[in-house]
Amino acid sequence: MVHERIRSLRKERRFTQSMLAEKVGVSAQVVSNWERNYTSPDLEDLTKIAHSLHTTADYLLGLSDEFEDEMREIKQLLETKGYNKPVFFDKKAWFGIQPDEIKQIDNYFRFLLQQKDIS
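Chains are numbered independently. Their residues run from 1 in the order of the written sequence. For a predicted model such as this one, the threshold for reporting local features is a pLDDT of at least 70, and the threshold for listing and counting side-chain atom pairs is 80 or more; totals across whole chains, interfaces and linings nevertheless cover every residue. Side-chain calculation: all heavy atoms of the structure are included, whereas hydrogens and water are not.

Caption draft 1: Looking closely at the UniProt feature "domain: HTH cro/C1-type" (unreviewed entry) in the chain. When the UniProt feature table is mapped onto this chain, "domain: HTH cro/C1-type" (unreviewed entry) is found at residues 6-60. Secondary structure within residues 6-60 divides into 67% helix and 0% strand; the distance between the first and last C-alpha atoms comes to 7 Å. UniProt positions are given in the numbering used here, feature names are shortened, and annotations may be inferred rather than shown by experiment. Strands here are runs of E lasting at least two residues and helices are runs of H or I lasting at least four, both read from the DSSP assignment and numbered beginning at the N terminus.

Dropping the structure here:
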C-alpha cells in the first residue's frame, strides 16, 4: 500500500522521482525501489515523504483515507500570519464543547466568511 500511495501522490503533485528524492534526501533509485515495492522507506524517510507530498504518514501507511494534512497546512498559514497558538487549536478546550455550541461556532465562521466575500 505504501508504494502505491507514494507513486500516486508523487504523480498527482507532478513530481518526478528525482524531485521527490531530492526533497527526501535519497537517490531517485531509492524512490523507484519504494514505488516498485522492492524496499520500504524507514520512519525518518516516511516522515520526509509525507511532508514533501503534503500528506500524512497515516495516509501513506493506509491507516487513514484522508490524504491531505489540512490541519497542518492551516496551522502553518496562521503561523506565517503571526498566530502561534489560536484558541481553536486548543485540544483541551474542544473536549468541553457541546454539539449545539459547535454548530454555533460553525455558523459564526460561515458568517465571517460571507462578510469577507461581500467586501
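Having seen the model, we can carry on.
Caption draft 2: Spatial organisation of the side chain of serine 52. Mapped onto the elements, serine 52 comes out in helix H4 (residues 43-52). Polar contact criterion, stated in full: a pair of N or O atoms within 3.5 Å, where within protein one must be able to donate a hydrogen and the other to accept it, and residues adjacent in sequence count only if both atoms are side-chain atoms. A distance of 2.8 Å separates the side chain of serine 52 from the backbone oxygen of lysine 48, its partner in a polar contact. By definition, residues are in contact when any of their heavy atoms lie within 4.5 Å. For serine 52, the contacting residues outside a window of four places in its chain are Phe15, Leu20, Lys23 and Val24.

Caption draft 3: Up close: the packing of helix H2 (residues 17-24) against helix H3 (residues 28-35). Lines are fitted to the C-alpha atoms to define the axes, a helix being fitted only along its stretch in contact, and any angle between axes, read from their N-to-C directions, falls within 0 to 180 degrees. It is at 8 Å that the axes of H2 and H3 come closest, and there the two elements cross at 105 degrees. One finds that H2 runs roughly perpendicular with respect to H3. On the side of H2, the interface is formed by Gln17, Ser18, Leu20, Ala21 and Val24, while H3 contributes Ala28, Val31, Ser32, Trp34 and Glu35. Each residue gets one label: Ala, Val, Leu, Ile, Met, Phe, Trp, Tyr, Cys and Pro are nonpolar, Asp, Glu, Lys and Arg are charged, and the others, such as Gly, are polar. Class assignment of the residues belonging to the contact of H2 with H3 gives a composition of 6 nonpolar, 3 polar and 1 charged. Each angle receives one of four descriptions, namely roughly parallel if under 35 degrees, roughly antiparallel if over 145, roughly perpendicular if within 65 to 115, and oblique otherwise.

Caption draft 4: The arrangement of H3 in detail. Remark: exposure states derive from per-residue accessible area (1.4 Å probe, protein chains only) relative to the maximum for the residue type, with buried under 20%, exposed over 50%, and partly exposed in between. Of the residues making up H3, those classed as buried are Val31, Ser32, Asn33, Trp34 and Glu35. Residues of H3 that are buried make contact with helix H1 (2-12), H2 and H4. Of the residues one or two after H3, asparagine 37 is the one with positive phi, at around 65 degrees.

Caption draft 5: Summary view of the pattern of salt bridges. By convention in these notes, a salt bridge is any Lys or Arg side-chain nitrogen within 4 Å of a carboxyl oxygen on Asp or Glu. Evaluation of the coordinates by the stated rule reveals 4 salt bridges. For glutamate 35, the salt bridge identified is with arginine 10, shortest N-O distance 2.5 Å. Of this pair, glutamate 35 sits in helix H3 while arginine 10 sits in helix H1, placing them 25 residues apart in sequence. The same class applies to glutamate 35 as to arginine 10, namely buried. Measuring nitrogen to oxygen at the nearest pair gives 3.2 Å for the salt bridge that ties glutamate 44 to lysine 48. Within this pair, glutamate 44 and its partner lysine 48 are both found in helix H4, separated by 4 residues, close to a single helical turn.

Caption draft 6: Region of interest: the nonpolar core. What is meant by a nonpolar core is a set of buried Ala, Val, Leu, Ile, Met, Phe, Trp, Tyr and Cys residues, joined one to another through side-chain atoms within 4.5 Å. Residues Ile6, Leu20, Trp34, Ile49, Leu53 and Leu60 are the most contacted members of the largest nonpolar core, which totals 15 residues. At the level of secondary structure, the elements contributing two or more residues to this core comprise H1, H2, H3, H4 and helix H5 (57-61). Contact partners of leucine 20, with chain neighbours within four places excluded, come to Ile6, Arg10, Val31, Ser52 and Leu53.

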